[in-house]
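Survey of secondary and tertiary structure
Here is what each chain is made of, one letter per residue.
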Amino acid sequence: MAGATTIVQLRVSDVRFPTSLEQHGSDAMHTEPDYSVAYVVIETDGGHEGYGLTFTLGKGTEVVVCAVEALSAFVVGRTLQEIVGDFRAFYRLLTSDGQMRWIGPEKGVIQLATAAVLNAVWDLWARVEGKPLWKLLVDMEPRKLVSCIDFRYITDALTEEEALDILVKAQEGKCQREEEMLRDGYPAYTTSCAWIGYSDQQLKELCTKALSHDWTRFKVKVGADLQDDVRRCRLVRQMIGPDNTLMIDANQRWDVQEAITWVSHLAEFKPLWIEEPTSPDDILGHAVISKALAPLGIGVATGEQCHNRVMFKQLLQASALQFVQIDSCRLGSVNENLAVILMACKFHGERCPPPPSPIHSRASSSVLTPRRRRGGSARH
């Protein structure tokens with residue numbers, strides 16, 4: 001990284017799209033979402049810019065914008081080299097302010113704002129290096145990658161030395177895996193066919209269209225009405241056939257026992273997982289659900305509303321999930337994603353980032369990863 005790059009301005013915008021008008025994005029808990037973002041642009045004296053965001057559903061985005069503006073004082077005037085030279089310290093600077101951490105700590109609006117700011121910093125770093133972010137991470141030396149992670153509160157599950165050992169061992173075969181990603185892309189699923197507010201006719205038309213574009217993995221929103229869920233899951237399964245993958249997502253709708261009973265009624269459709277079956281903060285509840293559904297061959301996925309690495313640590317320690325769904329807009333950006341990915345590696349959990357929303361896919365950012373057409377990217 002040649003020469004100092006000083007950050008001279010941070011701008012944040014409240015950007016909203018009226019997706020609720022046609023029920024796009026609707027689920028059992030969020031029936032009228034307007035997909036929106038607090039969108040951050042970092043400007044430097046050298047002409048480089050970095051773009052970051054955090055995802056919202058409309059009302060409240062203005063609150064996140066205020067939090068981003070409060071954090072901007074920690075960013076403006078610093079050089080990119082100063083930040084990434086000790087990224088762990090900079091992460092702690094944003095998350096450990098003696099006064100502002102009180103309105104978190106590392107959760108809620110202040111964590112969403114932290115994610116937006118840090119995502120913009122990562123994007124800026126990648127652009128200065130002339131790489132997409134995935135390539136910046138792939139090319140980074142293991143010790144440098146580990147230095148970006150805050151291990152505070154998770155050393156009982158993963159130490160810095162263990163993380164470094166995982167990354168060093170993973171160097172073997174890295175070139176082949178990179179070639180495979182560039183050739184085949186990253187497998188993902190679509191939710192676009194089966195939002196809970198869609199009619200059966202819409203569902204059929206969208207499934208048909210998705211199949212014609214080689215999608216093989218489909219997610220159905222459930223949780224509002226059991227009989228309606230049975231009917232819609234049966235319809236989707238009939239449309240996609242027995243060999244394609246079906247997943248279901250309740251968006252935190254149920255109590256623990258209710259989740260077990262409800263999903264048991266949907267087991268005949270062979271879902272790979274039930275996503276967010278109960279409160280995202282209920283680690284032990286997820287563990288009970290996971291144990292009860294294991295004989296049915298149904299895994300538990302969660303993480304879209306999991307606000308920090310400590311929550312993920314406990315979910316993994318309790319064997320409460322099989323699919324780890326990290327979200328760099330909910331966690332403290334890529335820094336915290338790295339911590340969760342490495343814990344998942346140690347605990348052998350499968351990692352499945354939540355799909356990009358319509359807003360994510362429109363964002364001007366260098367963080368895009370290669371994608372596989374077969375199976376496709378996610379929401380669009």
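Predicted model only: the values in this text are computed from it and were never measured.

Rules used throughout
The numbering scheme is per chain: residues are counted from 1 as the chain's sequence reads. Local features in a predicted model are, by the rule used here, given only for residues with pLDDT of at least 70; side-chain atom pairs are given and counted only at 80 or more, and totals for whole chains, interfaces and linings are based on all residues. By convention in this description, side-chain values take in all heavy atoms of the structure and omit both hydrogens and water. Aromatic pairs are defined between Phe, Tyr and Trp rings, using the six-membered ring for Trp, whenever the two ring centres lie within 6.5 Å; interplanar angles under 30 degrees are classed as stacked, those over 60 as edge-to-face, and all others as tilted. Secondary structure elements are defined from DSSP: runs of H or I of at least 4 residues count as helices, runs of E of at least 2 residues count as strands, and each element is numbered from the N terminus. Burial classification: accessible surface area is computed with a 1.4 Å probe over protein chains only, and a residue below 20% of its type maximum counts as buried, one above 50% as exposed, and the rest as partly exposed. Should DSSP find at least two bridges between two strands, the strands are regarded as paired. Axis geometry follows a simple rule: fit a line to the C-alpha atoms, using only the stretch in contact for helices, then measure angles between N-to-C directions, giving values from 0 to 180 degrees. Contacts are assigned to residue pairs that have any heavy atoms within 4.5 Å of one another. What pLDDT expresses is the predictor's confidence in each residue, scored from 0 to 100. The labels follow the angle: roughly parallel below 35 degrees, roughly antiparallel above 145, roughly perpendicular from 65 to 115, and oblique for the rest. Basically, the charged four are Asp, Glu, Lys and Arg, the nonpolar ten are Ala, Val, Leu, Ile, Met, Phe, Trp, Tyr, Cys and Pro, and anything else, Gly included, counts as polar. A clockwise course of the path from the first strand over the helix to the second, judged with the strands pointing away from the viewer, identifies a crossover as right-handed.

Scanning the entire structure with this criterion turns up ten aromatic pairs. Here Phe87 and Trp122 contribute two aromatic rings whose centre-to-centre distance is 4.8 Å and whose plane-to-plane angle is 25 degrees, an arrangement assigned as stacked. One end of the pair, Phe87, is in helix H3 (residues 87-95); the other, Trp122, is in helix H4 (residues 108-129), and 35 residues separate them in sequence. Here the two residues Phe87 and Trp122 agree in accessibility, since each one is buried. The structure contains a cluster of three or more aromatic residues connected by ring pairs, namely Phe87, Phe90, Trp122 and Trp125.

Reading across the sheet, the three strands line up as S1-S2-S3 and stay open at both edges, with antiparallel pairing between neighbours. Single-partner strands in this sheet number two, and they are strand S1 (7-16) and strand S3 (49-56). If you compare each strand with its neighbour and ignore which way they point, the axes differ by 15 degrees on average. The pairing of S1 with strand S2 (residues 36-44) spans nine bridges and is antiparallel. Bridging across to S2, Arg16 finds its partner in Ser36. With respect to the sheet, helix H1 (residues 61-71) is in contact with S1, S2 and S3, its orientation differing from that of S1 by roughly 175 degrees. The sheet strands contacting H4 are S1, S2 and S3, and the helix crosses S3 at an angle near 150 degrees.

To continue, consider the confidence of the model for the protein chain. Averaged over every residue, the pLDDT of the protein chain is 91; the share at 70 or more is 91%. Contacts from residues 356-380, a stretch scored under 50 in pLDDT, to residues over four places away or in other chains number 86 contacts.

So, on to the environment of Met247. Of note, Met247 is situated in strand S5 (residues 245-249). Using a relative accessible area of 2% as the deciding quantity, one classes Met247 as buried. As a C-alpha pair, Met247 and Cys207 span 40 residues in sequence and 14 Å in three-dimensional space. Ignoring anything within four residues of it in the chain, the contact list for Met247 reads Tyr189, Arg217, Phe218, Lys219, Val220, Leu272 and Trp273.

Let us now look at unusual backbone geometry. In this model, Gly104 is joined to Pro105 through a cis peptide bond whose omega is -20 degrees. Looking at the secondary structure, you find Pro105 in the loop between H3 and H4. Located in the positive-phi region is Gln252, a residue other than glycine, with phi close to 70 degrees. When you line up the elements, Gln252 lands in the loop between S5 and helix H11 (256-265). Positive phi is not limited to glycine here, since Ser333 has a value of about 70 degrees.

As a further point, take the packing of helix H7 (residues 160-169) against helix H14 (residues 333-347). Remark: H7 packs on H14, axes separated minimally by 10 Å, with the N-to-C direction vectors making an angle of 80 degrees. By the angle between their directions, the pair H7 and H14 is classed as roughly perpendicular. Across the interface between the two elements, Glu162, Ala163, Ile166 and Leu167 of H7 pack against Leu342, Cys345 and Lys346 of H14. Class assignment for the residues of the contact of H7 with H14 results in five nonpolar, no polar and two charged.

To continue, consider the pairing of S5. Summarising burial for S5: four of the five residues are buried, a large majority. Pairing geometry for strand S4 (residues 217-221) and S5, over five bridges, is parallel. In the strand pairing of S5, Arg217 is matched with Thr245. Viewed along the sheet, the connection from S4 through helix H10 (residues 226-240) into S5 turns out right-handed. For S5 and strand S6 (residues 273-275), the ladder comprises two bridges, and the chain directions are parallel. What sits directly across from Asp249, in S6, is Glu275. Taking the sense of rotation as the criterion, the β-α-β connection linking S5, H11 and S6 turns out right-handed.

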